[in-house]
Amino acid sequence: QVQLVESGGGLVQAGGSLRLSCAASAGTFRNYAMGWFRQAPGKEREFVAAITSSTSTYAEDSMKGRFTISRDRAKNTVYLQMNNLKPEDTAVYYCAAGPVPLRLTYGVRFWGQGTQVTVSS
């Protein structure tokens, strides 16, 4: 079974940076695109960024240039580097796996448990 475990969330001031990690079970990268979604209180879960098995990446327009997704095959881990964080980035961030394109929640087959990111103003 595919298992996804997020880590790296925390509290940061506006303008700061965080790197989230998602440890995946073996074989996940070969079978699925992987990515990140986030959900703020009272809002829908929304797409952040994704990476395919061929290492193609794409991100939500509003986050391009600030957030970067990458992976380490040897460690079965995908990362989300978040720079120039803003208070509106505050949310629970979820690792996800599923078929391309991984941009809508209904297309996700596997979810991690989430990690909290809080950005203070």
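Residues numbered from 1 in each chain as written. Predicted model: local features only at pLDDT ≥ 70, side-chain atom pairs only at ≥ 80, totals over all residues. Heavy atoms only, no water.

### Structural notes on the state of the cysteines
Right, so step 1: This model, assessed by the stated rule, comprises one disulfide.
Right, so step 2: What pairs with Cys22 in a disulfide is Cys95, and their sulfur atoms sit 2.0 Å apart. Here the disulfide of Cys22 and Cys95 is left-handed, its torsion about the S-S bond being about -85°. Residue Cys22 is found in strand β3 (residues 18–24), and its partner Cys95 is found in strand β9 (residues 91–98); the two are separated by 73 residues along the sequence. We note that Cys22, like Cys95, is buried. (Disulfide = S-S within 2.5 Å. Helix = DSSP H or I, 4+ residues; strand = E, 2+ residues; numbered from the N terminus. Buried < 20%, exposed > 50% of the residue type's maximum accessible area, 1.4 Å probe, protein only.)

### Notes on the packing of aromatic side chains
Right, so step 1: Inspection of the entire model under this criterion finds five aromatic pairs.
Right, so step 2: With a centroid separation of 5.6 Å and 75° between ring planes, the pair formed by Phe37 and Phe47 is classed as edge-to-face. Separated by ten residues along the polypeptide, Phe37 in strand β4 (residues 33–39) and Phe47 in strand β5 (residues 46–51) bring together distant segments of the chain.
Right, so step 3: For Phe37, a relative accessible area of 1% translates into the label buried. (Phe/Tyr/Trp six-rings, centres within 6.5 Å; stacked < 30°, edge-to-face > 60°.)

### Considerations on the nonpolar core
Right, so step 1: Counting residues in hydrophobic clusters, the biggest one holds 30 residues, and the most contacted among them are Leu4, Met34, Trp36, Val78, Leu80, Met82 and Tyr93.
Right, so step 2: Sorting the residues of this core by element identifies β3, β4, β5, β7 (67–72), β8 (77–82), β9 and β11 (115–120) as the ones contributing at least two each.
Right, so step 3: Listed in part, the seven residues of the second largest apolar core include Phe37, Phe47, Ala50 and Leu102. (Core = buried A, V, L, I, M, F, W, Y, C linked by side-chain atoms within 4.5 Å.)

### Comments concerning the environment of Met63
Right, so step 1: Summarising the element assignment, Met63 is placed in the loop between β6 (57–59) and β7.
Right, so step 2: Using a relative accessible area of 0% as the deciding quantity, one classes Met63 as buried.
Right, so step 3: On a C-alpha basis, the gap between Met63 and Leu102 in space is 16 Å, while along the polypeptide they are 39 residues apart.
Right, so step 4: When residues no more than four places from it in sequence are discounted, the contact partners of Met63 are Arg38, Phe47 and Val48. (Contact = heavy atoms within 4.5 Å.)

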